[in-house]
Amino acid sequence: MRLRRLPLKGALPAAQQSRIRGGRLVLNRKEFAMYTQAMDQQPKEERERKPVRSVEEVELERRFDAKIDAGDFIEAKDWMPEHYRKTLLRQISQHAHSEIVGMLPEGNWITRAPTLKRKAILLAKVQDEGGHGLYLYAAAETLGTSRDQMIDALHAGKAKYSSIFNYPTLSWADIGTIGWLVDGAAIMNQVPICRCSYAPYARAMIRICREESFHQRQGFDSLLVMMRDGTPEQRAMVQDAVNRWWWPCLMMFGPPDDQSPNSAQGMRWGIKRVSNDTLRQKFVDATAEQAKVLGVTLPDPLLKWNPEREHHDFGPIDWAEFWRVVGGDGPCNRERLAARVKAWDDGAWVRDAALAHARKQVTKQEAA
Ligand code: FAQ
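These numbers were taken from a predicted model, which means no experiment stands behind them. (Residues numbered from 1 in each chain as written. Predicted model: local features only at pLDDT ≥ 70, side-chain atom pairs only at ≥ 80, totals over all residues. Heavy atoms only, no water.)

Student: Teacher, can you tell me more about helix H4 (residues 55-69) here?
Tutor: What sets the pattern is the α-helix's 3.6 residues per turn: residues three or four places apart point alike. Here H4 is 15 residues long and its end C-alpha atoms lie 21 Å apart, about the 21 Å a rise of 1.5 Å per residue gives. Count one or two residues on from H4 and you reach Gly71, which has phi positive near 80 degrees. (Helix = DSSP H or I, 4+ residues; strand = E, 2+ residues; numbered from the N terminus. Expected span 1.5 Å × (residues − 1).)

Student: Can you walk me through the site of the ligand in this structure?
Tutor: In the vicinity of the ligand there are 37 residues, among which Arg90, Gln94, Lys160, Ser260 and Lys272 approach most closely. A distance of 2.5 Å is found between an oxygen atom of the ligand and a side-chain nitrogen or oxygen belonging to Lys160. A distance of 2.9 Å separates an oxygen atom of the ligand from a polar atom in the backbone of Asn262. Contact with the protein chains removes 93% of the 1100 Å² of surface that the ligand exposes when unbound. Of the residues forming the shell around the ligand, the biggest block, six residues, is contributed by helix H5 (residues 82-101). Among the residues making up the shell around the ligand, the classes are represented as 14 nonpolar, 14 polar and nine charged. (Near = heavy atom within 4 Å. Polar contact = N/O pair within 3.5 Å; in protein donor to acceptor, adjacent residues only side chain to side chain. Areas by Shrake-Rupley, 256 points an atom, 1.4 Å probe, with all protein chains shown as cover. Nonpolar A, V, L, I, M, F, W, Y, C, P; charged D, E, K, R; others polar.)

Student: How should the packing of aromatic side chains be read in this particular structure?
Tutor: For any two aromatic rings, the description comes down to two numbers: the centre-to-centre distance and the angle of the planes. Going through the model one piece at a time under the given rule, you end up with 10 aromatic pairs. Consider the rings of Phe64 and Trp79, whose centres lie 6.3 Å apart with planes at 80 degrees: the pair is edge-to-face. Linking Phe64 in helix H4 with Trp79 in the loop between H4 and H5, this pair joins segments that are 15 residues apart in sequence. Using a relative accessible area of 3% as the deciding quantity, one classes Phe64 as buried. (Phe/Tyr/Trp six-rings, centres within 6.5 Å; stacked < 30°, edge-to-face > 60°. Buried < 20%, exposed > 50% of the residue type's maximum accessible area, 1.4 Å probe, protein only.)

Student: For this particular structure, what's the right way to read unusual backbone geometry?
Tutor: Positive phi is not limited to glycine here, since Glu310 has a value of about 55 degrees. Along the chain, Glu310 turns up in the loop between strand S4 (304-306) and strand S5 (311-313). Given a relative accessible area of 57%, Glu310 falls into the exposed group.

Student: I tried to follow the side chain of Ser197 on my own but got confused; where do I start?
Tutor: For Ser197, the location among the structural elements is in the loop between helix H9 (172-190) and helix H10 (199-229). Polar side-chain contacts of Ser197 include one of 2.8 Å to the side chain of Tyr84. Non-local contacts of Ser197, meaning those with residues more than four positions away in its chain, are made with Ile68, Asp72, Phe73, Ile74, Tyr84, Trp269, Gly270, Ile271 and Arg273. (Contact = heavy atoms within 4.5 Å.)

Student: Quick question: what am I supposed to make of the nonpolar core here?
Tutor: The tendency in soluble globular proteins is for nonpolar side chains to be buried as a group. Core analysis: the largest hydrophobic core is formed by 76 residues, its most contacted members being Tyr84, Leu88, Ile92, Trp180, Tyr198, Tyr201 and Phe283. At 10 residues, the largest contribution of residues to this core is made by H10. Among residues more than four places away in sequence, those in contact with Ile92 are Leu136, Ala139, Ala140, Leu143, Tyr198 and Tyr201. (Core = buried A, V, L, I, M, F, W, Y, C linked by side-chain atoms within 4.5 Å.)

Listed below in structure tokens is the structure:
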């Protein structure tokens, strides 16, 4: 078995640190690849061995299940099954990473916004995304993984973030389109998470969804102005942006239900309230009507209202493209990660200064 040696002691989860030998961590290749995907740190044999559960643990699990069935919330201090904790950690950390990587495509346009008003709106929006990342990292930390560990995993390319942020922003119309479609898809997915069984995540989502609504509205408004009052070139720019973003937005909801390995358990535990396909369909139905108001065409010749289903039918999604992007080979994966790592490194002096200031305050207080 091939081993990887990593001199990373302080930056790894406790379960991994316990296997540090002589100051170096020894992981087999598979464990290394799985780091943060499911936060599974034990060797395979240990994971597969049926755990011997105490009577007390069985009772705790019974009470936990009863709470879930009754629709009660689980708080950070409550007992929870290890798999529930890991599932939440996986989803919340991916969500947090999506928010801060999501700042990058729009951040590129802050200096090029066409008016002072649009610049102020975009600045506020990008700052909001940073704030969402913070609420979500804080919620994930309540599950026992530090923000540093999550950020390390992101920067090492081992943690997922939403596929959508690996597409380029080529024109100003992309910024309006991200607001309308990307934030629109994000809200559709996130409103049900306000009722997630894990209370710290649900609480964070309530505030995030309020802010996302403003993001969606500002995007729609920006596109509407260009479509109503713009030149033919500006209208063509909007149509081009919509053509490029439509299909990747449908992919944001995740794989089809019958190919979604995490859905069944996520639904059972009330982490996920509505399925990937149901949310995708709701999004298509809502945006098809909004597109008419805007005067843009959605790039799908098969998109059509189906009176029997009372939903829009739509064309096949290119899932090979989705998995390619999720696997790290999208148009901008490398660029996004490099920009994130650079921002982190460039900001080291701010973190150092904040820590030095905090230390000074403590010394002053102790001396007083
Ligand atoms: N991209 O079994 P499922 C935003 C992965 S925030 C990449 O269906 P699950 C705000 C999935 O993780 C956007 N990977 O998984 C904003 C899993 O891999 P794993 C982010 C994806 O968890 C706007 C595998 O595929 N929102 O946009 C994607 O039950 C504008 C199998 O999938 C959230 O994170 C994807 N699109 O359902 C910011 C919401 N889809 O972990 C800036 C919270 C799936 O087993 C500007 N998350 N995968 O290795 C969720 O609701 C769920 O995690 C889903 C996936 C629905 C994303």
